[in-house]
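# Coordinates in review
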Amino acid sequence: MCRSQGSSPYHRDGYRYTPLLSYMLLPNMFLHPAFGKFLFAALDIAAAYLTFLLLQRMKTPDKDMKFSMMLALYNPVAINVSTRGNAESVMSVLCLGTLLLHTGGAFFASGLVFGLSVHFKIYPVCYALPLYFWCRGPANPANGLRRLFYPTEERIRFVAGATISFLTLTGLFYVLYGWEFLQETYFYHLTRRDTQHNFSVWFYLLRVFQGHPLEPLVNFFPFMVQSLFWLSFSTRFYRDLSFVCFLNTAVFVILNKVCTVQYFMWYLTFLPLVTPRLAIPRERMTVLGAGWIASMLFWLGFAYLLEFQQKDVVILVWVASILFMAVNLMIVFNIIAAYRGVSRSPSCPSSSSSSSSSSSSSSSSETPGKTTAAQLETHFITDKENKKHN
């Protein structure tokens with residue numbers, strides 16, 4: 001409404017997004033009030049198509065492909081979130097598009113899309129390290145850290161693309177909307193103190209320490225925990241981008257200061273790409289799924305008593321949040337344990353190794369994580385090496 005009247009979208013109370021989103025939704029005013037919902041639903045389908053292309057690149061077997069596409073197309077969380085007007089499907093398209101371009105060797109283009117995704121919402125920044133590490137490392141690295149961080153041509157192209165798109169869009173909207181744009185779109189989320197009940201375990205601690213000298217530390221602590229997980233996962237699993245993006249997003253959502261249902265979309269986007277490489281017995285999968293649903297219902301029950309029945313059960317809501325976090329982390333660790341892909345030490349292949357020998361010879365910088373790795377290695381790596389040497 002504000003944008004269509006020529007004013008700032010930040011005049012609308014609670015608008016915490018890039019102005020780009022308000023431009024996308026202008027047809028709500030002159031085409032149809034539900035235009036945005038149709039757009040987001042259409043982007044859900046586009047995200048499913050990108051998932052299909054990525055699964056094809058991974059040479060996913062037909063049986064696994066069907067299951068993954070069922071997850072992508074009939075995800076009830078995605079259907080609910082998009083049809084109620086949340087823009088999470090935009091992020092799904094941007095994140096999957098980044099993976100598709102990056103694994104195809106279009107590093108500058110993937111950087112452009114990645115920068116756009118970070119401009120749109122901050123959380124994709126947790127993919128920066130694995131995307132950077134995935135690019136070819138130096139031919140003769142002095143040590144592991146040099147191999148990971150050395151600025152090769154591929155990495156420079158990716159960083160240049162990301163920097164150009166992010167700074168261009170951010171600079172443009174800063175010129176148009178000033179400090180208010182930076183505060184509401186970015187800084188607000190870094191300093192946000194949400195003391196209202198939500199799935200996050202931090203809401204109660206932020207409420208208890210409100211106004212306390214330790215409040216800034218409590219507010220910053222979740223970022224520290226998230227960063228430790230990101231660094232660990234990024235160096236261990238960067239060779240499989242879909243898997244590491246799933247893990248980094250999952251711990252971001254689980255350990256975030258605010259956690260609501262639409263945030264689940266952020267990691268569920270990558271789940272169809274992960275399931276073909278998981279070896280979880282059906283019984284365990286059933287138990288984990290039932291535990292996730294039960295812990296959510298447990299939380300929702302006490303949240304209903306607090307919000308609608310005005311019962312003094314804040315502590316019980318917090319306990320339910322702790323249980324929900326514990327169940328989610330247990331699921332993440334079970335997924336890691338059941339992962340059948342290639343787990344490699346933090347290294348990149350040297351430029352002198354050929355694509356034909358990279359999967360059969362044992363390079364000093366690459367160590368398969370499991371005995372089935374040679375058979376189950378993601379096709380991303382093979383595609384990339386073939387393009388380099390043909």
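Bear in mind the structure is a predicted one, so any value in this text is a computation, not a measurement. Every residue gets a number counted from 1 within its own chain, in the order that chain's sequence is written. In keeping with the predicted nature of the model, local features appear solely for residues at pLDDT of at least 70, side-chain atom pairs appear and are counted solely at 80 or more, and the whole-chain, interface and lining totals rest on all residues. Values shown for side chains rest on all heavy atoms present in the structure; no hydrogens or waters enter the calculation.

## Thoughts on the overall build of the protein
The secondary structure content of the protein amounts to 21 helices and 0 strands. It only takes one pair of heavy atoms within 4.5 Å for two residues to be counted as in contact. Looking at the protein alone, contacts between residues at least 24 apart form 72% of all its contacts between residues at least 6 apart. The Shrake-Rupley method, run with a 1.4 Å probe, gives the accessible areas here. Residue values count only the displayed protein chains as cover. Total accessible area on the protein stands at roughly 18,400 Å², and carbon and sulfur atoms take up 66% of it. Helical segments are the DSSP runs of H or I of at least four residues, strand segments are the runs of E of at least two, and each set is numbered from the N terminus.

## Some details on the side chain of Asp 44
Relative to the elements of secondary structure, Asp 44 occurs in helix H3 (residues 35–57). With a 1.4 Å probe rolled over the protein chains alone, any residue whose accessible area is under 20% of its type maximum counts as buried; one over 50% counts as exposed, and the rest are partly exposed. His is not counted, nor are the chain ends; Lys and Arg add positive charge and Asp and Glu add negative charge. A carboxyl oxygen of Asp or Glu within 4 Å of a side-chain nitrogen of Lys or Arg is what we treat as a salt bridge. Although Asp 44 is buried, it makes no salt bridge; Arg 84 carries the closest opposite charge, 11 Å away. Polar contact criterion, stated in full: a pair of N or O atoms within 3.5 Å, where within protein one must be able to donate a hydrogen and the other to accept it, and residues adjacent in sequence count only if both atoms are side-chain atoms. A polar side-chain atom of Asp 44 sits 2.4 Å from a polar atom in the side chain of Ser 82. Contacts of Asp 44, omitting those with residues within four sequence positions, involve Ala 78, Ser 82, Ser 89 and Met 265.

## Some details on unusual backbone geometry
Unlike most non-glycine residues, Lys 59 shows phi in positive territory, near 55 degrees. Checked against the element boundaries, Lys 59 lands in the loop between H3 and helix H4 (62–73).

## Let's talk about the environment of Val 274
For Val 274, the location among the structural elements is in helix H16 (residues 271–274). Put simply, Val 274 and Asp 240 are 34 residues apart on the chain and 9.5 Å apart in space, counted from C-alpha to C-alpha. When residues no more than four places from it in sequence are discounted, the contact partners of Val 274 are Ser 242, Phe 243, Phe 246 and Ile 335.

## Focus on the environment of Asn 256
With respect to the element layout, Asn 256 can be found in the loop between helix H14 (241–254) and helix H15 (261–268). For Asn 256, a relative accessible area of 11% corresponds to the buried category. Those residues in contact with Asn 256 that lie beyond four places of it in its chain are Ser 200, Trp 202, Gln 226, Val 251 and Tyr 263. One polar contact links the side chain of Asn 256 to the main-chain carbonyl oxygen of Val 258, over a distance of 2.9 Å.

## Comments concerning the side chain of Thr 185
Structurally, Thr 185 can be placed in helix H11 (residues 179–191). There is a polar contact of 2.7 Å between the side chain of Thr 185 and the side chain of Tyr 10. Engagement of the side chain of Thr 185 in a polar contact is seen with the backbone oxygen of Phe 181, the distance being 2.9 Å. Excluding its chain neighbours within four sequence positions, the residues that come into contact with Thr 185 are Tyr 10, Arg 16, Tyr 17, Thr 18, His 119 and Ile 122.

## Examining the pattern of salt bridges
For the structure shown, the criterion picks out 4 salt bridges. A salt bridge links Glu 88 to Lys 121, with the shortest nitrogen-to-oxygen separation between them at 2.7 Å. Within this pair, whereas Glu 88 is found in helix H6 (residues 88–103), its partner Lys 121 is found in the loop between helix H7 (107–120) and helix H8 (128–134), the two being separated by 33 residues in sequence. By the burial criterion, Glu 88 is buried, and Lys 121 matches it.

## So, H14
To estimate how far a helix should reach, multiply one less than its number of residues by 1.5 Å. Counted at 1.5 Å a residue, the expected span for H14 with its 14 residues is 20 Å, and the 20 Å between its end C-alpha atoms agrees. Extensive coverage of H14 is indicated by the burial of 14 of its 14 residues.

## Comments concerning the packing of aromatic side chains
Think of it this way: a Phe, Tyr or Trp ring, Trp meaning its six-membered ring, pairs with another when their centres are within 6.5 Å, and the plane angle makes it stacked under 30 degrees, edge-to-face over 60, tilted otherwise. Inspection of every chain in the model, using the stated rule, returns 41 aromatic pairs. When the centroid spacing of 5.6 Å and the interplanar angle of 80 degrees are considered together, the rings of Tyr 127 and Phe 270 count as edge-to-face. Placement of the pair is Tyr 127 in the loop between H7 and H8 and Phe 270 in the loop between H15 and H16, with a sequence separation of 143 residues. Here Phe 270 falls in the buried class, since its relative accessible area comes to 1%. Judged by centre distance (5.7 Å) and plane angle (75 degrees), the ring pair of Trp 202 and Phe 221 falls under edge-to-face. Linking Trp 202 in helix H12 (residues 202–208) with Phe 221 in helix H13 (residues 215–237), this pair joins segments that are 19 residues apart in sequence.

## Some words on the packing of H13 against H14
In the contact formed by H13 and H14, the axes pass within 9 Å of each other and the chain directions differ by 170 degrees. Taken together, the axes of H13 and H14 are roughly antiparallel relative to one another. Only Phe 243, Val 244, Leu 247, Asn 248, Val 251 and Phe 252 of H14 make contact with H13, whose side of the interface consists of Gln 226, Phe 229, Trp 230, Phe 233, Ser 234 and Phe 237. Side-chain classes are defined by residue name, with Ala, Val, Leu, Ile, Met, Phe, Trp, Tyr, Cys and Pro counting as nonpolar, Asp, Glu, Lys and Arg as charged, and the others, Gly among them, as polar. Along the lines of polarity and charge, the residues of the contact of H13 with H14 split into 9 nonpolar, 3 polar and no charged. A fitted line through C-alpha atoms represents every axis, and for helices the fit uses only the stretch in contact; the resulting angles, taken between N-to-C directions, go from 0 to 180 degrees. Should an angle lie under 35 degrees it is considered roughly parallel, over 145 roughly antiparallel, and from 65 to 115 roughly perpendicular; all remaining angles are considered oblique.

## A look at H7
In this model, H7 (14 residues) spans 20 Å end to end at C-alpha, consistent with the 20 Å of a helix rising 1.5 Å per residue. H7 sits mainly inside the fold: 10 of its 14 residues count as buried.

## Thoughts on the packing of H6 against H14
Axis angle and axis distance: for two packed helices, these are the angle between their axes and the distance between the axes, and together they describe the pair. It is the contact of H6 with H14, at a shortest axis distance of 11 Å, that shows an interaxial angle of 150 degrees. With respect to their mutual orientation, H6 and H14 come out roughly antiparallel. Read as a crossing pair, H6 and H14 show a hand that is right-handed. Taking contact as the criterion, the partners of Leu 99, His 102 and Thr 103 in H6 are, on H14, Leu 241, Ser 242 and Cys 245. Here the contact of H6 with H14 is built from residues that sort into 3 nonpolar, 3 polar and no charged. Crossing handedness follows the turn of the near helix against the far one: under a right angle anticlockwise gives a left-handed crossing, and clockwise gives a right-handed one.

## With respect to the confidence of the model for the protein
Confidence of the predictor at the level of single residues is given by pLDDT, which spans 0 to 100. Averaged over every residue, the pLDDT of the protein is 84; the share at 70 or more is 84%. Ranking the helices and strands of the protein by mean pLDDT puts H7 first, with 97, and helix H20 (residues 373–376) last, with 36. Low confidence marks residues 343–382, where pLDDT is under 50. Its contacts with residues over four positions away, or in another chain, come to 79 contacts. This model gives residues 384–390 a pLDDT under 50, and the stretch forms 19 contacts once residues within four places in sequence are excluded.

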